[in-house]
Each structure stands twice: as C-alpha cells, then as structure tokens.
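Descriptive analysis of the structure
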Amino acid sequence: MVVYVDLVFFTNLAVDGIVLLLTAKARRLYPARAKLIGAAVFGALYAASMFVTDIPYAYSFAGKVIVSLVMVLITFGYGGPMQLLRNAGAFYTVSFATLGGVIGLTYLVKSSGTSWAGMSFTQDGGIVVRWPMQLGLIAVAFLLSAWLFHGTGETRRKRYDVEALIWDVEVRIEGRSWTVRGLLDTGNRLYEPLTRTPVMIMEASVWKDLLPAGWTDRLKGESADRLIAELGTSGSEPYQWSHRLRLIPYRAVNGSPKLMLGIKPDAVILSRPEQSPLTTERVLIGLDGGTLSSDASYRAIVHPDLPQAKGAAPAPSQPA
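Quantities reported herein were computed from a predicted structural model and do not represent experimental measurements. Numbers given to residues run from 1 along each chain, matching the order in which its sequence is written. At least 70 in pLDDT is required for a residue's local features to be given in this predicted model, at least 80 for side-chain atom pairs to be given and counted, and no such filter applies to totals for whole chains, interfaces and linings, which use all residues. The basis for the side-chain values is all heavy atoms of the structure; hydrogens and waters are excluded.

**Quick look at the overall build of the protein**
- Along the protein, the regular secondary structure elements total seven helices and 13 strands.
- Accessibility here uses a 1.4 Å probe with only protein chains present; expressed as a share of the type maximum, an area under 20% marks a residue as buried, one over 50% as exposed, and anything in between as partly exposed. A buried classification covers 37% of the 320 residues belonging to the protein.
- Calculation of accessible area relied on Shrake-Rupley with a 1.4 Å probe; when residues are assessed, cover is drawn exclusively from the protein chains displayed. For the protein, the accessible surface area stands at approximately 18,800 Å², while carbon and sulfur atoms represent 60% of it. Secondary structure counts use DSSP, requiring at least four H or I residues in a row for a helix and at least two E residues in a row for a strand, with both numbered from the N terminus.

Here's what the structure looks like:
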C-alpha cells in the first residue's frame, strides 16, 4: 500500500482546523487565526510524522493526549486549570463527534462501488483512505473551514463593534467609588424632566450593600415611590443617602408611565483605552432591578450626552 504523506498532512490539517473551529464556537471563544492555524499545523505534522519516523511511545495513548492538549494550549492559551479542562473537554467532545461521523460515513459508502468505497480499517484501529477520497475530504474540509472562518470573522467584527461602545464607569459618592463596565446607548434619551439632567442606568445589584435591606429585590416588581415613602414612616431607620434619592419618570416599553429610583452621585468618570478619562457631575443614576446584559459584559447604560457633556472634563491625575 502506498501512503502519500503530503495528503495525510493536508487532510489532518483541514480536519484539525475544523475541530478547533468547532471547539471555539462551542466555547464561544475567539482565538487568533494565526494561533488556530499553528495548532492545526502542529497536529498535522504529528500525524504525518507517523509515516517517516519510528518512535513508538510518541504515538501511544499518552502521547496523543499530550499532543491534543498542546493543540488546545496553542489555540486558546492556558487561563488556569479549569479553563484548560473545559477547553480540552470541548475539544475531545467535538473530536469524538467528528470521528463518529467519519465512521458512519465509512459504513454508509463502503459498498457503493465508487471511489468513496476505498476506506478500510487497520489492525490498530486506524482508518486508511485512498487518495481519491482524501482529495474529496480535503475539498469538503476546505469549504467548511472557509465557511467557519467567515462566520468567526463576522462574530469577531460584531464583538469589536460592541467593544467600541464599552466604557469603564466609575461612580464617586462621599469619598467612595464603584467601577463597572457600561455600554454607550445612543437610543437612551432619559432625562430628569425638571433640570434636564442626563440619566444613566445601572443595575441596582451594584448598590445592594448600600441600599436599604431588600430594596434590590423589591425594585424588580415594586414602584420606586412606594419604597421612598417607607423611609418617612415612624418605624423606619434613617437612610444616610436619603437626600440623594430621586424619582425619575419614564415610559416603559408598553408606553405606560412609571417611576425609576435614582441616585445623585458626586461625580461619574468615564474612561476607555486610548482616551483620556472624562469627569462629569451633572448626571443621575437610575437603578434597574434586573440584569442589563445576559452575559454580564456590562452593568450600566451610558447616556450618549455624557461623553460630550459641557460639564465633562478630563479627570485629574491621581497621586501614586
């Protein structure tokens, strides 16, 4: 039997690339293309070396596990033992599913009487594919890889577009500060009606330890004016920030008028890479009882007026 090492290399290169791409999609990761291609080349060289070298231990079960882990590390990096375990588990799951598809295809076409019937098993469990079928597999793998690369590129582009709208938001009140990530929303035109102060939205859970007990959960279903009214009852304890609380009217998605609980901060500092931080004092923070981002990528909605506000100024440098 004649084995074409170059076909073995390119077939494994295409298959390894597809498995790594599917692993990235399953884990919702976006590795650099150079790293992914480098890992696929490493795996293809390992497969091709079986036919030009004689190192028995290199092709044992332990050797194959080590090679697969190196491929995962090259593609996704380390990131800690749990991250490596999750990435490796996804890689093996995708590999087993792909192998199952190949074996099923083998039994399906083995008796078809065409060039696709040129598949057989070796005594050690390997699959031997004749060159006509290898060329077909390479062509299919190339087209699938191109499609996956295109999809990954589109996903990465959309992610970069979102990242361009992400700001680091630092809120300062009475010498204390809290920092969260915020998404600049050009559709957010919420103002305090009397003073026309811009209102940015923030998850109430950020202030859980500073709001009266139970308010964070109650904001999910109760009106803000009812919570503030309780502060004036005789049995309630005085709240240190009662003078900072505001009721902000707004319209819900269904058009019904509602009231949002707001807090007046001393200052809000907006910053992001390659841009000087901006400080503004003319802002209110509206508290939302739910979760603003399903993947927790941000916890605040930045009002579009804040980065261009007249009161915004570069933040003063802090002493080391």
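**A word on the side chain of T280**
- Mapped onto the elements, T280 comes out in strand β10 (residues 275-280).
- In this structure T280 comes out as buried when scored by relative accessible area, which is 2%.
- Among the polar contacts listed, one links the side chain of T280 to the backbone nitrogen of R282, at a separation of 3.4 Å. Here a polar contact is recorded for every N or O atom pair within 3.5 Å, except that within protein the pair must consist of a potential hydrogen donor and a potential acceptor, and residues adjacent in sequence are included only if both atoms are side-chain atoms.

**Section: the pattern of salt bridges**
- Salt bridges are defined as contacts in which a side-chain nitrogen from Lys or Arg sits within 4 Å of a carboxyl oxygen from Asp or Glu. The full count for this structure, using the stated rule, is eight salt bridges.
- Residues R226 and E222 are paired through a salt bridge, measuring 3.8 Å at the closest nitrogen-oxygen approach.
- Using a relative accessible area of 27% as the deciding quantity, one classes E222 as partly exposed.
- One salt bridge connects R244 with D266, and the closest N-O pair in it is separated by 2.9 Å. Taken together, the residues span a long stretch of sequence, with R244 in the loop between α7 (224-230) and β7 (245-251) and D266 in the loop between β8 (257-263) and β9 (267-272) at a distance of 22 residues.

**Focus on unusual backbone geometry**
- Phi is positive for E174, which is not a glycine, with a value near 50°.
- Here E174 shows up in the loop between β3 (166-173) and β4 (176-184).
- Of note, R196 is a non-glycine position whose phi angle comes to about 55°, a positive value.
- When its relative accessible area of 49% is taken as the criterion, R196 is described as partly exposed.

**Here we look at a nonpolar patch on the surface**
- Judged by side-chain polarity, M50, F51 and V52 come together as a nonpolar surface patch covering roughly 290 Å² of accessible area.
- On the secondary structure map, M50 appears in the loop between α2 (33-49) and α3 (61-76).
- On the basis of relative accessible area, M50 is assigned to the partly exposed category, the value being 35%. For patch building, the residue pool is restricted to those with more than 30% relative accessible area and no salt bridge; the joining distance is 9 Å between like charges and 5 Å between nonpolar side chains (Val, Leu, Ile, Met, Phe, Trp, Tyr).

**A few points about the packing of aromatic side chains**
- In this scheme Phe, Tyr and Trp rings, the latter by its six-membered ring, pair at centre separations within 6.5 Å, and the angle between planes marks the pair as stacked below 30 degrees, edge-to-face above 60, and tilted otherwise. In this structure the tally under the stated criterion is five aromatic pairs.
- Taking the centre distance of 5.8 Å and the plane angle of 65° together, the rings of F91 and Y92 count as edge-to-face.
- Judged by its relative accessible area of 24%, Y92 is partly exposed.
- On the numbers, 6.2 Å between centres and 75° between planes, the contact of W207 with W241 is edge-to-face. Of the two residues, W207 sits in the loop between β6 (197-203) and α6 (215-218) while W241 sits in the loop between α7 and β7, which places them 34 residues apart along the sequence.

**Some details on the nonpolar core**
- Throughout this description, the term nonpolar core refers to a set of buried Ala, Val, Leu, Ile, Met, Phe, Trp, Tyr and Cys residues connected via side-chain atoms within 4.5 Å. In this structure, V169, M200, M202, W207 and L287 are the most contacted members of the largest nonpolar core, which totals 31 residues.
- Per-element tally for this core: the top contributor is β3, with four residues.
- The next biggest cluster of nonpolar side chains, apart from the first, holds 15 residues, and it includes A24, A39, M71 and V72.

**Observations concerning the pairing of β3**
- With six of its eight residues buried, β3 lies for the most part within the structure.
- Strand pairing follows a simple DSSP-based rule, namely that at least 2 bridges must link the two strands. With eight bridges connecting them, β3 and β4 associate as antiparallel partners. Counted as the bridge partner of D168 is R181 from β4.
- Between the end of β3 and the start of β4, which pair antiparallel, lie two residues, with E174 showing a positive phi angle near 50°.
- Across five bridges, the pairing between β3 and β9 is antiparallel. Paired with E170 across the strands is I269, a residue of β9.

**As for α3**
- What a helix should span is 1.5 Å times the count of its residues minus one. The end-to-end C-alpha distance of α3, which contains 16 residues, comes to 23 Å, matching closely the 22 Å that a straight helix rising 1.5 Å per residue would cover.
- Among all positions in α3, only G63, V67, S68, M71, V72, T75 and F76 are buried.
- Taken from the residues just after α3, G77 is the one with a positive phi, measuring 80°.

**Details of the pairing of β4**
- In the sheet, β4 pairs with strand β12 (residues 300-302) via three bridges, with the strands oriented parallel. Directly across from G182, in β12, lies its bridge partner A300.

**Some details on the confidence of the model for the protein**
- With 71% of its residues at a pLDDT of at least 70, the protein reaches an overall mean of 76.
- When the criterion is pLDDT under 50, residues 121-126 qualifies, and its contacts beyond four places in sequence or with other chains add up to six contacts.
- The predictor rates its confidence in each residue with pLDDT, a number between 0 and 100. Contacts are residue-level and defined by heavy atoms, with any inter-residue pair within 4.5 Å sufficient. Every residue in residues 310-320 scores below 50 in pLDDT, and together they form 18 contacts with partners more than four places removed in sequence or on other chains.

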